[in-house]
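Summary of the model geometry
Listed here are the chains, written in short residue letters.
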Amino acid sequence: MVMNTQQLQYLIEIERTRSVSQAAANLYMGQPNLSRVLRDTEAALGFAIFERTRKGVRPTEKGAQFLQHARNILREADFMERLGPNRFQPNRFRICLPRSYSYMELVQQYLGGRDWHNGLDAIIREGHSRQALEMLDNGSAEIAVIRYSVEYQDYFSEQAAARELTLCPLSRVEYQIAVHQDSPLALKSAISKNDLEHCTDLVHRDTFYPANRVDSNRPQIYVVDRASQVRLLQTMPNAFLWSEPLPESMLKSNRLVQRPCAEGGAQYQNALVYKPQCAMSEMEKEFLTWVMERG
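Reference entry: report on the structure contained in this document. All values derive from a computational prediction rather than experimental measurement.

Turning next to the overall build of the protein. For the protein, the count of helices and strands is 10 helices and 12 strands. The C-alpha extent of the protein, read off along each of the three principal axes, is 70 × 50 × 35 Å. In the protein, which comprises 295 residues, the share counted as buried stands at 46%. Within the protein, contacts between residues separated by at least 24 positions form 69% of all contacts whose residues are at least 6 apart in sequence. Looking at the protein as shown, the accessible area adds up to about 15,800 Å², and 48% of this sits on carbon and sulfur atoms. In the protein, 35 side chains carry a positive charge and 35 a negative one; their mean positions are 4 Å apart.

Right, let's talk about the environment of Ala160 for a bit. Note on placement: Ala160 falls in helix α7 (residues 153-162). Exposure remark for Ala160: the relative accessible area of 2% places this residue in the buried category. It is 27 Å that separates the C-alpha atoms of Ala160 and Val20, two residues lying 140 residues apart in sequence. Filtering out sequence-adjacent residues up to four positions away, Ala160 remains in contact with Leu165 and Leu167.

We now examine the sheet that holds strand β9 (residues 220-222). The five strands are arranged β9-β8-β10-β7-β11 in an open sheet whose pairing can be described as mixed. Two strands close off the open sheet at either side, each with one partner strand: β9 and β11 (256-259). Strand after strand, the sheet turns through a mean of 30 degrees between neighbouring axes, direction not considered. Relative to strand β10 (residues 239-243), helix α8 (residues 226-235) is tilted by about 145 degrees, and along the sheet it contacts β7 (176-180), β8 (200-203), β9, β10 and β11.

The next subject is the packing of aromatic side chains. Going through the model one piece at a time under the given rule, you end up with eight aromatic pairs. Taking 4.9 Å as the distance between ring centres and 85 degrees as the angle between the ring planes, the aromatic pair formed by Tyr155 and Phe156 counts as edge-to-face. Looking at Tyr155, the relative accessible area reads 29%, which means it is partly exposed. Look at Phe156 and you get buried, because its relative accessible area is 1%. Put simply, the rings of Phe93, Tyr110, Phe287 and Trp290 touch in pairs and so form one group of aromatic residues. The aromatic ring of Tyr101 is capped on one face by Arg226, whose charged end is 5.5 Å from the ring centroid.

Between helix α1 (residues 5-17) and helix α3 (residues 31-45), the shortest axis-to-axis distance is 10 Å and the interhelical angle comes to 105 degrees. On the basis of their axis angle, the class for α1 and α3 is roughly perpendicular. Packed against α1, whose contacting residues are Gln7, Tyr10, Leu11 and Ile14, the element α3 presents Leu34, Val37, Leu38 and Thr41 at the interface.

Quick look at unusual backbone geometry now. If a residue is not glycine, its phi is most likely negative; likewise, a peptide bond is most likely trans. Non-glycine residue Glu164 carries a positive phi angle of around 60 degrees. The residue Glu164 is located in the loop between α7 and β6 (166-174) in this model. Taking relative accessible area as the criterion, Glu164 reaches 59% and is therefore assigned exposed. Here the phi dihedral of Arg255 falls at roughly 55 degrees; this positive angle occurs in a residue that is not glycine. Relative to the elements of secondary structure, Arg255 occurs in the loop between α9 (248-253) and β11.

The rules behind these values
- Residues numbered from 1 in each chain as written.
- Predicted model: local features only at pLDDT ≥ 70, side-chain atom pairs only at ≥ 80, totals over all residues.
- Heavy atoms only, no water.
- Helix = DSSP H or I, 4+ residues; strand = E, 2+ residues; numbered from the N terminus.
- Buried < 20%, exposed > 50% of the residue type's maximum accessible area, 1.4 Å probe, protein only.
- Contact = heavy atoms within 4.5 Å.
- Areas by Shrake-Rupley, 256 points an atom, 1.4 Å probe, with all protein chains shown as cover.
- Lys, Arg positive; Asp, Glu negative; His and termini not counted.
- Charge placed at Lys NZ, Arg CZ, Asp CG, Glu CD.
- Pairing = 2+ DSSP bridges.
- Axes fitted to C-alpha atoms, helices over the stretch in contact; angles between N-to-C directions.
- Phe/Tyr/Trp six-rings, centres within 6.5 Å; stacked < 30°, edge-to-face > 60°.
- Lys NZ or Arg CZ within 6 Å of the ring centre and 35° of its normal.
- Parallel < 35°, antiparallel > 145°, perpendicular 65-115°, else oblique.

Put into C-alpha cells, the structure is as follows:
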C-alpha cells in the first residue's frame, strides 16, 4: 500500500469534521473524490476507518488507532521540513490556554520580557480542555494549559496518556464571584448562594460537563469572551460571574470586586499538557520551564 501525507490529511479532516461532505468542502475537493480516497484506503488496510452514526461519521476502534499514527506521521513530516533554512523558526511558539485572565497575563509577562531580535512567530489560542487536547493532537499547539473540575482528574490523565502526552498538574483554584463595584453584592464580605437567587449568571464554563448544566430558574447568559464578560458586569448591576481569583490590576481597572462564596466555590485543577520536548522550539522549551516554576 502506497500512502502519501496528503491522503492522511484528508482522513484527519474527515475525523475533525465528522462528515465526508464537510471535509470535502473544507478541502476544496468534490465529495465523490474524497469518498473514493476513503474507500481505497480502507480496502488497502482491510478494515473500516469510520462508521456512520446519526450524528455523522466517527472512527472505528482500529480507525482511531490508524488516525493517531497518521497524526504522528504528519507531525514528524512537519518537523523534518522545519530543518530546512526556509522553515527554521527559532522563536516559534504555539500554545493553547483556558479562557483565563491569570494565564493570559502569565503569557504576556513571558513574551513582554524578552528581546525578539530574531523575530517572533507566536500563535496563542484559547479553548476548553477537550479542544486543547485536539490542538495538541493535530499540531495546532505544542503546549497547552488546561483547566478542569477536580473530579475529572482521572479522565484527563487517561486522555493525555492515550495521546502520548505529558500531563503535569499545576495549581488548584477555588472559584469566586465577581461583580461590579456598584452591585449590592459588592457590600458583602462573602456571598451565599441564596444571595444569587435573583441575579443573572454569566456562565462561561465548559458545557460538556453535566455538572455545569445547572437546571435553574435563575437568568443565565452563556458567554466565553472575557471582554464581553466584563462589559456585561459593568452594564448589568445584578449580574455575577464565577471565575478564578482575578488579578488585582484587572479588578481595579474595570471597577470589579471579587468575593468568596460562603458555601464554597467549585474546585478546578490547572495542568500543563505537552508533547515530547524533543519536538519543541527552544522558545517553547524555555516557556515550559518558566511556567512550571510559577504554577
